[in-house]
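# Structural characterization, general
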Amino acid sequence: MRMTRADIYAKVKASEDERPDRGSPVIGHLKFPFNLKKDQEEAVEAWIRNDFRGSIIYSTGTGKTEIAFECARRAARAKAGIMSDIAINTDFKHNINIHDSDENKPVDTDNATPTTNNFRCTFQNDSDERAFNKSISQFRILLLVPRIVLIEQNVKRLIKYGIPKKQIGVYFGEKKEVCEITVSTYQSINNNLDILRNSQMIIFDEVHLIGESAKSFSQIFDVVVEDRRKAILGLTATIDENDANFNTILSVLPPVRKYQVKEAVRDGRLARPVILPIKVNLTEVERRIYYDCSSRITTIASRLNRFDAQSISLLLRKGGPAAFMAKTWFANVRKRRALLNCADNKILAAADIISKKHPKQRIMVFSETLESVHKLREELQHKRRIKSYVIESKLKANERQEILSKWGVEFYPLLSVHTLEIGYDVPEVGVAIILANTSNINQTIQRIGRVIRKSDGKEAAFIYAIYLTGTTDHHTLRTVKRATGMTQDSYDDADNEKTKEISFSKRGRSKTHKLGMKQVQKEPTTLDDYFREFK
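A brief look at the structure comes next.

Analysis parameters
- Residues numbered from 1 in each chain as written.
- Predicted model: local features only at pLDDT ≥ 70, side-chain atom pairs only at ≥ 80, totals over all residues.
- Heavy atoms only, no water.
- Helix = DSSP H or I, 4+ residues; strand = E, 2+ residues; numbered from the N terminus.
- Buried < 20%, exposed > 50% of the residue type's maximum accessible area, 1.4 Å probe, protein only.
- Contact = heavy atoms within 4.5 Å.
- Axes fitted to C-alpha atoms, helices over the stretch in contact; angles between N-to-C directions.
- Parallel < 35°, antiparallel > 145°, perpendicular 65-115°, else oblique.
- Left-handed = near helix turned anticlockwise from the far one by under 90°.
- Salt bridge = Lys/Arg side-chain N within 4 Å of Asp/Glu carboxyl O.
- Nonpolar A, V, L, I, M, F, W, Y, C, P; charged D, E, K, R; others polar.
- Pairing = 2+ DSSP bridges.
- Core = buried A, V, L, I, M, F, W, Y, C linked by side-chain atoms within 4.5 Å.

### So, the overall build of the chain
When helices and strands are counted, the chain shows 19 helices and 22 strands. Out of the 535 residues in the chain, the part that is buried amounts to 55%. Counting contacts in the chain only where the partners sit at least 6 residues apart, residues at least 24 apart contribute 72% of the total.

### Remarks on the packing of helix α14 (residues 344–357) against helix α15 (residues 370–383)
Across the interface, α14 lies against α15 with an axial gap of 10 Å and an inter-helix angle of 50 degrees. As far as their axial angle goes, α15 and α14 are oblique. The way α14 lies across α15 gives a crossing that is right-handed. Contacts between α14 and α15 involve Asp 344, Ile 347, Leu 348, Ala 350, Ala 351 and Ile 354 from the former and Ser 372, Lys 375, Leu 376, Glu 379 and Leu 380 from the latter.

### Examining the pattern of salt bridges
Here the structure, examined in full by the defined rule, presents 22 salt bridges. Put simply, Arg 197 and Asp 194 hold a salt bridge, and the shortest N to O gap is 3.4 Å. Placement of the pair is Arg 197 and Asp 194 together in helix α7 (residues 193–198), with a separation of three residues, close to one helical turn. The class of Arg 197 is partly exposed, set by a relative accessible area of 33%. A salt bridge links Asp 292 to Arg 296; the shortest N-O distance between them is 3.5 Å. Pair noted here: Asp 292 and Arg 296 are both in helix α11 (residues 284–304), with a separation of four residues, about one helical turn. According to the relative accessible area criterion, Asp 292 is partly exposed, its value standing at 33%. By relative accessible area, Arg 296 is classed as partly exposed at 44%. When salt bridges that share partners are traced, they join Asp 352, Lys 356, Glu 379, Lys 383 and Arg 384 into one network.

### Points about the packing of helix α13 (residues 320–342) against α14
Where α13 meets α14, the axes come as close as 5 Å, and the angle between the chain directions of the two elements is 30 degrees. On the basis of their axis angle, the class for α13 and α14 is roughly parallel. Across the interface between the two elements, Leu 340, Asn 341 and Cys 342 of α13 pack against Asp 344, Lys 346 and Ile 347 of α14. Class assignment of the residues belonging to the contact of α13 with α14 gives a composition of three nonpolar, one polar and two charged.

### A closer look at the pairing of strand β10 (residues 181–185)
Taking burial as the measure, the five residues of β10 include five buried ones, the bulk of the element. Burial of the side chains of β10 extends over both faces: Ile 181, Val 183 and Thr 185 are buried on one face and Thr 182 and Ser 184 on the other. Bridge count between strand β7 (residues 141–145) and β10: five bridges; the pairing is parallel. Note that in β10 the partner of Ile 141 across the bridge is Ile 181. Here four bridges tie strand β8 (residues 168–172) to β10, and the two strands are oriented parallel to one another. The partner of Tyr 171 across the bridge, within β10, is Ser 184.

### Some words on unusual backbone geometry
One non-glycine residue, Asp 51, adopts positive backbone phi at about 65 degrees. In this structure, Phe 52 is a non-glycine residue whose phi angle is positive, near 60 degrees. Assessed through its relative accessible area of 5%, Phe 52 is described here as buried.

### Remarks on the sheet that holds strand β12 (residues 231–236)
Spatially, eight strands are ordered β9-β8-β10-β7-β11-β12-β2-β13 in an open sheet, and the strand pairing comes out mixed. Lying at the two open borders of the sheet, with one neighbouring strand each, are β9 (175–176) and β13 (255–259). The sheet strands contacting helix α2 (residues 38–49) are β2 (53–58), β11 (201–205), β12 and β13, and the helix crosses β13 at an angle near 170 degrees. Relative to the sheet, helix α5 (residues 148–160) contacts β7, β8, β10 and β11, its axis offset from that of β10 by approximately 160 degrees.

### Side note on the nonpolar core
Counting 73 residues, the largest nonpolar core has Trp 47, Met 201 and Leu 233 as the members making the most contacts within it. Considering each element in turn, this core owes the most residues, eight residues, to helix α3 (residues 64–89). If we skip the residues at most four places from it in the chain, Met 201 touches Trp 47, Ala 68, Cys 71, Ala 72, Ala 75, Phe 139, Arg 140, Ile 141, Leu 142, Ala 231 and Leu 233.

On their own, these measurements won't tell you what the molecule is for.
The structure is reproduced here in structure tokens:
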């Protein structure tokens, strides 16, 4: 019997309805209480057509997890079906790789030994056949996540979708359970690569976090590429295909389907992100510090003839004057960044938004430093009598859960640095304030993704991007726009000078109303005035 890759794909499709549940892999118990969306089905099909390999780049809130589970279910059933078919129709004398790269190249299944994932079977007697049947009844899946909190979330979701709890293992810290379906962190699995080798399918959640810069995780991909027959799936909301940092990911897990914010909003799958830029100014003292740091950064870079952090960091190990200048360069960069994150008028603008526009709405505030969120909390609590909490990585799981249980009941502003960027879902939240001084597109997409999930009656989400005029902070606004792809819903004149813009100085002492090239100084304004400008 001669089969092409296209023939095998057809058999994959046919096997969906042919295999009984009894004796099938545990992922076969998967049953969603809903139908997958058309775009989700298309993502699964694209992954299967690419030999059960590749990345699915889907915006946060569009069901990447469900896509992954369905990919696993279909991969398990399809491969078991193919093996059964080959077992019946061959004499098992030669190896066969069903993932031949040429879909039209004939595959000789006459006198062939099937090799799917880690199973290699040659039938000589009844006991061999029983062993074969046992092997195809299992499909070992490893789901890798970046944080421990995501392990519990995925376990709960698997159970919710019909997977027996006893068939799900968790592998991290002191818990070392390896089952047919195992959920682990990248860090934990990095110390036990045999689990990778013994898995037939590996799902890389938030795969962009293990790029080239994460050197300690490079061996994970080294193991994965050892066996071309493994089913592997990458999940991420974004990945920059022009960034060399992701070369390995793109090589091993090339994108097979993309579904970004703009498409999801168009299809009604996400709430429309409305970007509200809030431009503020440095105080006189802050301005002097900022320009002093900037001057030193520029002068040192010129003397070293190096202008990026990576090349300057190489000098730190060499010692001597060059290393001293490199160290001074980094000190000034850190000082300037801290200033931009904690600037007085940024904190005051955020407090104004919370107290005047959304006093009884759950709000997520994202910043880059703990110092800045604690400064905001101080402003809210002691000067405005508004209760808020800070979520940080040092909190224990039970402490975090206690805070989150009170959110929207006892308090409304939730302040975070990075802890809530990944994997925390509260669709009812529709307001985010971004204080962060960052041009990291991946990070920004994750932050926006927290608030644009759809819920009953929620059609739009408000994203306040607070940035400092006349500084490098303008990158923040541009990154937010790029992350959503919804620039038509942004009120800012950085890209269109005809757009209205309101500039706030400290506590709204002055306002510049800008329309085209005409500027008129007006009386002190409040945040309510700002919103009336756009009605």
